[in-house]
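Chain residues, written in single-letter form:
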Amino acid sequence: MKVGLFISLAALSFIGATAIDAEVYDAVIVGGGPAGFVLASRLSENPSFRVLLIENGPETYTNENITTPRYARRLQGSQFSWNFTSTPQAALNGLTPPLYQGNGLGGGTAINIMAYCRGASSVFDEWADLSGIDGLRWETLVKYFKRSANLFIPSDRDYEQKIDTENFGNDHVNISYESTGQRVPIDSSFVDTWVSNGARDVDLTSGEGIGMMIGGPHSINPTNATRSYALPAYGFQIAARPNVQVLHDRRVVKVNFEGTRTIGIDYVNLTDNTTYTIKSKETIISAGAVNSPRLLLLSGVGPRSHLEELGIPVVVDSPEVGWNFFDHHYVVMMFNATPDIISDQQLENPTLLAPFLAEYRENATGPLSTPGGASFFTERLSDELLDNFGVNVTFPKGLPKDRPHLLYQYGSAAILPTPENTNTISVFSALVQPEASGSVRLQSSDWRDDPLLDTSYFGSESDMAIALYGYKHLLSMMRSDTMRSVIVNEIYPGSNVTSDADIKAALMKAARSFRHPAGTCSLGKVLDRSFKVKGTQNLRVVDSSAIPRLPTCHLQAPVYALAEFAATILQEELY
């Protein structure tokens, strides 16, 4: 039997059905994602400090779709995700792409594809400049990255990859590279395609921003090949602490105030629709880049005109709440792969799945032990190339030179609708430093109504020009000789799509989100140097919404590090 899969289930006993019998909590944390669990763990280190962590979604660790790496794509659109939809996007001729966000204990780390990187160091230096917090500079923040993760490098790997082991610790999130047996056949072809065109391998966890990452890494526990995410990484550590409680299936619908000082929250038990009031000395919102500003707005903290329009009493006029929305948007191509490549479509066949499932349960190996896609490449466009676009490129040219403009990656699944009986692989190009920003707004004062998300896909001239270049470059690379051994035929946009006009039309139908939204309660704008909401007392926000500028690759590592850093501030100020 797979070692250790269920050994920690006893730790789930600390996740209770009712709140602790306490008159007032020292801190209530709204949102059981990576930031929420980090804060609950760190703040409860003081045994006299009482912490309540409340999560909207369900318990997750007993669900094999969560813990099995290859099942990750089943989770988008499921009960474990908030299934948001963008407002019609002008740059995409009115397309309304979905935006899935984690809904359950672990948040986004429970449903993501587990890629782990940190990206260009200059982004974190910009965080410091925008927020006025010198501790967010890369040279300081790196110790919080290190505090939150440990690294495993398999001895049996058939690829060369620069790996900086110095910037990892020995606790919490397990990060691992793939072994030779775990690499899917397409991976070497994908890597060779980019390397033959000048890509060099770099370690994008070490502060570098541009180059090729091979073989991962992913947030996967190497001892049993299960997802390593916020619940087991931080939650199980606090299981024995009597001063902390975790509630799930509870929707926090309002932060309560006396004047501008928070005094607690109201939540709805989603199992019986009963509303409860919890008192707390400190309220910390860690609900993510959509739901954190949403809760502030519902509670009367936000732009006065928007709140008054919806009849919400204004507690604090905070004009920037919900603005500064950034995300990594990508464009998809798909091809029908050779039968030796195990796609998610193949795994839907019970007969084909059975031996792989048996192997995974017995040995923690085989196709189910990985997400089905590992390597990726980040590219910076030359100033000369940008100048040739014929649009205003001041923003992308002005980015620090360690930052890429694009990221290219693949996955063993169909992202767009596909014909039956195909073995689909999706490849995509993502804009990782967008110029245009969007917003989060309320439809109404009713907490049940989804917010209005203007995600601002390719919303500036330079954003669209770079996205179009990236898509054309992706098509060229995937149609090259080095990929022919793994491709049967191109599904989308189709090998006959070659003209600029046709490629742009295909782009507009194939744009999707990497699900990395950030910035909507930004440090320096909405939040002060202590992560407090300006104009309020005892109210803070710590999560991806606090990030003032998007990192250049996947988001989970920066969120863990940001939360670890914020926890040190909160410990100093609240104990």
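Refer to the structure presented above.
Before going into details, it helps to say that this report is about the structure given with it. Being a predicted model, the structure only gives us computed values, none of them experimental. (Residues numbered from 1 in each chain as written. Predicted model: local features only at pLDDT ≥ 70, side-chain atom pairs only at ≥ 80, totals over all residues. Heavy atoms only, no water.)

**Things to note about the packing of helix α5 (residues 185-195) against helix α13 (residues 461-478)**
Moving on, step 1. Where α5 contacts α13, the two axes come as close as 10 Å, and the packing angle between them is 115°. Taken together, the axes of α5 and α13 are roughly perpendicular relative to one another. The handedness of the crossing between α5 and α13 comes out as right-handed. Residues Phe190, Thr193 and Trp194 of α5 form the contact with α13, whose own contacting residues are His473, Leu474, Met477 and Met478.
Moving on, step 2. Classifying every residue of the contact of α5 with α13 by side-chain character gives 5 nonpolar, 2 polar and no charged. (Axes fitted to C-alpha atoms, helices over the stretch in contact; angles between N-to-C directions. Helix = DSSP H or I, 4+ residues; strand = E, 2+ residues; numbered from the N terminus. Parallel < 35°, antiparallel > 145°, perpendicular 65-115°, else oblique. Left-handed = near helix turned anticlockwise from the far one by under 90°. Contact = heavy atoms within 4.5 Å. Nonpolar A, V, L, I, M, F, W, Y, C, P; charged D, E, K, R; others polar.)

**Considering empty space enclosed by the protein**
Moving on, step 1. Going through the model one piece at a time under the given rule, you end up with 1 cavity of 30 Å³ or more.
Moving on, step 2. Per-class residue counts for the lining of the largest cavity are 6 nonpolar, 4 polar and 2 charged. (1 Å grid on protein atoms, 1.4 Å probe; cavity = no way out; pocket = protein on both sides within 12 Å on 5 of 7 lines; lining within 4 Å. Points joined across faces, edges and corners; volume = space filled by probe spheres on them.)

**Observations regarding helix α3 (residues 121-131)**
Moving on, step 1. Ser121, Ser122, Val123, Phe124, Trp127, Ala128 and Ser131 are the residues of α3 that are buried.
Moving on, step 2. Buried residues in α3 make contact with α4 (138-148) and α15 (556-574).
Moving on, step 3. Just past α3, the residue Gly132 takes up positive phi, approximately 80°. (Buried < 20%, exposed > 50% of the residue type's maximum accessible area, 1.4 Å probe, protein only.)

**Looking at the pattern of salt bridges**
Moving on, step 1. In this structure the tally under the stated criterion is 23 salt bridges.
Moving on, step 2. In this structure, the salt-bridge partner of Glu564 is Arg42, at a minimum N-O distance of 2.8 Å. Of this pair, Glu564 sits in helix α15 while Arg42 is found in helix α1 (residues 34-43), placing the two residues 522 residues apart along the sequence.
Moving on, step 3. In this structure, Arg484 and Asp481 form a salt bridge, with 3.1 Å as the shortest nitrogen-oxygen distance.
Moving on, step 4. We classify Arg484 as exposed; its relative accessible area is 58%.
Moving on, step 5. Members of the salt-bridge network, linked through shared partners, are Asp26, Arg50 and Lys281. (Salt bridge = Lys/Arg side-chain N within 4 Å of Asp/Glu carboxyl O.)

**Observations concerning the pairing of strand β11 (residues 250-258)**
Moving on, step 1. Where burial is concerned, most of β11 is hidden: 7 out of the 9 residues are buried.
Moving on, step 2. Relative to strand β12 (residues 261-269), β11 is paired through 8 bridges, and the arrangement is antiparallel. Counted as the bridge partner of Asn256 is Gly264 from β12.
Moving on, step 3. Adjacent in sequence and paired antiparallel, β11 and β12 are bridged by 2 residues, among which Gly259 carries a positive phi angle near 65°. (Pairing = 2+ DSSP bridges.)

**Structural notes on the pairing of strand β18 (residues 406-411)**
Two faces, one strand: in a regular strand the side chains alternate between the faces of the sheet.
Moving on, step 1. In terms of burial, β18 is largely enclosed, as 6 of its 6 residues are buried.
Moving on, step 2. The pairing of β18 with strand β19 (residues 424-431) spans 6 bridges and is antiparallel. By the bridge assignment for β19, Leu406 is matched with Leu431.

**Considerations on unusual backbone geometry**
Moving on, step 1. Gly216 connects to Pro217 through a cis peptide bond whose omega is -5°.
Moving on, step 2. Within the secondary structure, Pro217 sits in the loop between β7 (211-213) and β8 (220-221).
Moving on, step 3. The phi dihedral of Asn324 is positive, around 65°, even though this residue is not glycine.
Moving on, step 4. Its place among the elements puts Asn324 in the loop between β15 (316-317) and β16 (329-337).

**A look at the packing of aromatic side chains**
Moving on, step 1. As enumerated under the stated definition, the model contains 22 aromatic pairs in all.
Moving on, step 2. A ring pair is formed by Tyr234 and Tyr560, whose centres lie 6.0 Å apart and whose planes are at 20°; its orientation type is stacked. One end of the pair, Tyr234, is in helix α6 (residues 230-235); the other, Tyr560, is in helix α15, with 326 residues separating them in the sequence.
Moving on, step 3. In this structure an aromatic cluster arises from ring pairing among Phe190, Trp194, Phe377, Tyr408 and Tyr410.
Moving on, step 4. In this structure, Arg118 is placed above the aromatic ring of Phe168, and the distance from its NZ or CZ to the ring centre is 4.4 Å.
Moving on, step 5. For Arg549, the ring lying beneath its charged end belongs to Phe326, and the centroid distance is 4.7 Å. (Phe/Tyr/Trp six-rings, centres within 6.5 Å; stacked < 30°, edge-to-face > 60°. Lys NZ or Arg CZ within 6 Å of the ring centre and 35° of its normal.)

**Some points on the state of the cysteines**
Moving on, step 1. Enumeration according to the criterion identifies 1 disulfide in this entry.
Moving on, step 2. Here Cys117 engages in a disulfide with Cys553; their sulfurs sit 2.1 Å apart. On the criterion of sequence distance, the pair formed by Cys117 in the loop between β4 (98-102) and α3 and Cys553 in the loop between β24 (539-541) and α15 is long-range, its members being 436 residues apart.
Moving on, step 3. Since its relative accessible area comes to 1%, Cys553 is described here as buried. (Disulfide = S-S within 2.5 Å.)

**Some thoughts on the side chain of Arg183**
Moving on, step 1. Along the chain, the position of Arg183 falls in the loop between β6 (173-176) and α5.
Moving on, step 2. Setting aside residues up to four positions removed in sequence, Arg183 forms contacts with Asp158, Tyr159, Glu178, Ser188, Val191 and Ile214.

**Side note on the packing of α1 against α15**
Moving on, step 1. As a packed pair, α1 and α15 sit with axes 9 Å apart at the nearest point and diverge in direction by 35°. Classified by chirality, the crossing of α15 by α1 is right-handed. From α1, Pro34, Ala35, Val38, Leu39, Arg42 and Leu43 reach across to α15, where they touch Val559, Tyr560, Ala563, Glu564, Ala567, Leu570 and Gln571.
Moving on, step 2. Taken together, the residues of the contact of α1 with α15 break down into 10 nonpolar, 1 polar and 2 charged.

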